[in-house]
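The chain contents come next:
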Amino acid sequence: MDRLAKARVPRVGVGKVDDLFAGRSITSRHTATNRDAYLLIAEALRSMDAGLLFVNVIEFDQSWGHRNDVPGFHGGLRELDAVLPELMGLLRETDLMMLTADHGNDPTTPSTDHSREAVPVLVAGPRVTPAALGTRETFADMGATVADYFGLELGAGTSFLREVAPWATH
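Residues numbered from 1 in each chain as written. Predicted model: local features only at pLDDT ≥ 70, side-chain atom pairs only at ≥ 80, totals over all residues. Heavy atoms only, no water.

In this section: helix 3 (residues 34-47). Under the 1.5 Å per step criterion, the end-to-end length of helix 3 is 20 Å for 14 residues, consistent within 8% with the ideal 20 Å. Residues N34, A37, Y38, L40, I41, A42, A44 and L45 constitute the buried set of helix 3. Next to the buried residues of helix 3 lie strand 1 (11-14), strand 2 (28-29), strand 3 (52-55), helix 4 (59-65) and helix 5 (70-89). (Helix = DSSP H or I, 4+ residues; strand = E, 2+ residues; numbered from the N terminus. Expected span 1.5 Å × (residues − 1). Buried < 20%, exposed > 50% of the residue type's maximum accessible area, 1.4 Å probe, protein only. Contact = heavy atoms within 4.5 Å.)

Shown next, in the form of structure tokens:
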């Protein structure tokens, strides 16, 4: 976030993103539900000319994962599936949408703690080239890809921008 701020890349946060970065170089609008977050995402996509929209939807983690609420988690996935076409329809030609999680939180395990499974990453957008990204070495690959998209160096991780958006590489 600091590098994006220094490069004057606009940064918009939805959910507890500012908490995740200790308030450094990003502010965000907190939401009580994923549905509220999806409305704010749509609003931001309609109003932003450029920049990074960073979102943390809270219910998959806090409401369903940590509480082992399998029906709630399932309902949340169905809700996300229903709203994704609308959100993707708001993307501009060279936008990228990357969906992932910052940790596992399997609601079917006996524990209510974070779980250790690998988290998926899905990259979508009007011009995204489908690519199998495999199991990444580090979560820092996400940050490296974002930095690469904005023409910045992160210094950690390996960007996968060339695989999914060869037209966007600098």
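Here the narrative resumes, following the displayed structure.
Once that is clear, we can look at the side chain of S28. Mapping S28 onto the fold places it in strand 2. By relative accessible area, S28 is classed as buried at 15%. From its side chain, S28 meets the backbone oxygen of G15 in a polar contact 2.7 Å long. Among the polar contacts made by the side chain of S28, one reaches the side chain of D18 at a distance of 2.7 Å. Setting aside its immediate chain neighbours within four residues, S28 contacts G13, V14, G15, K16, V17 and D18. (Polar contact = N/O pair within 3.5 Å; in protein donor to acceptor, adjacent residues only side chain to side chain.)

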